[in-house]
Amino acid sequence: MKRVFITLLVSLFAATLVFAAEPMTDAERAELVAHLERTGAKFEKSIEGLSEAQWHYKAAPDRWSPAEAAEHITTSESFIRGAIEPMMKQEPAADLLAAARKDSIDQIVVDRSKKFQAPEPLKPANKYKTPAEALAVFRAERQKTIEFVKTGGDFRLHASVNPAAGPLDGYGWVKFLSAHSERHTLQIEEVKADAGYPK
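Right, let's walk through the structure included here. Everything numeric here is computed off the predicted structure, so don't read it as measured data. (Residues numbered from 1 in each chain as written. Predicted model: local features only at pLDDT ≥ 70, side-chain atom pairs only at ≥ 80, totals over all residues. Heavy atoms only, no water.)

This part is about the nonpolar core. In terms of nonpolar packing, the biggest core is built from 22 residues, with I84, F155, V174 and F176 touching the most fellow members. Of all elements in the fold, only α2 (26-47), α4 (66-87), α6 (105-109), α7 (131-151) and α8 (170-192) reach the threshold of two or more residues within this core. Broken down by element, this core gets its largest block of residues, six residues, from α8. When residues no more than four places from it in sequence are discounted, the contact partners of F176 are I80, I105, V109, N162, A164, A165 and L168. (Core = buried A, V, L, I, M, F, W, Y, C linked by side-chain atoms within 4.5 Å. Buried < 20%, exposed > 50% of the residue type's maximum accessible area, 1.4 Å probe, protein only. Helix = DSSP H or I, 4+ residues; strand = E, 2+ residues; numbered from the N terminus. Contact = heavy atoms within 4.5 Å.)

Right, here's the structure in full:
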């Protein structure tokens, strides 16, 4: 009986090793920062210098204007980061780390063939009257996110369930946040490509 018990313990220990998360490398941290900087720059470029007519243009009554998409991006920055921050203070959850997605979550998020309904707190309410107003808030929030990634601990050793993507480690969560802004930047570019968009 003792031998069976020892064998079971060894098996459990081995399984733990198999699912043990690897610490985040300096290269991975730098890649997250670069991803945030890249998607942030794309968003800024998409709305800089828009006229009032362009800012509020809707391709259809049920479609968002650039102003609404920009507000959603800006509001989502602190909202999503606010979901990551407490996760990084909790003890690592081995089961969630084992279940965390290993695919390229950023590529999945930017796929606009798949539609999602924005949660109520992230639905736009015409908060920003000009692109400059939205950009000032976004830049401040994105910089907070970048500093958090630089100093916030090991994003590979913490995980939680993302409502839209399932279990993600902290690295995946940051990629999700960054790709989310890119997804809605693409939405803005779609509006700007509409035949009726003011020139």
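Turning our attention to the pattern of salt bridges. Applying the stated criterion across every chain yields a total of 17 salt bridges. A salt bridge links K58 to E68; the shortest N-O distance between them is 2.8 Å. Of this pair, K58 sits in the loop between α3 (52-55) and α4 while E68 sits in helix α4, and the two are 10 residues apart along the sequence. K58 sits in the partly exposed class, given a relative accessible area of 33%. On the basis of relative accessibility, which here comes to 12%, the residue E68 falls in the buried class. Among the salt bridges present, the one from E77 reaches R142, with a minimum N-O distance of 2.8 Å. On the criterion of sequence distance, the pair formed by E77 in helix α4 and R142 in helix α7 is long-range, its members being 65 residues apart. Residues E77 and R142 agree in their burial class; the two are buried. A cluster of three or more residues bridged by salt bridges with shared partners is formed by R81, E85, E141 and K144. (Salt bridge = Lys/Arg side-chain N within 4 Å of Asp/Glu carboxyl O.)

Without other data, these values stay purely geometric and don't point to any function.
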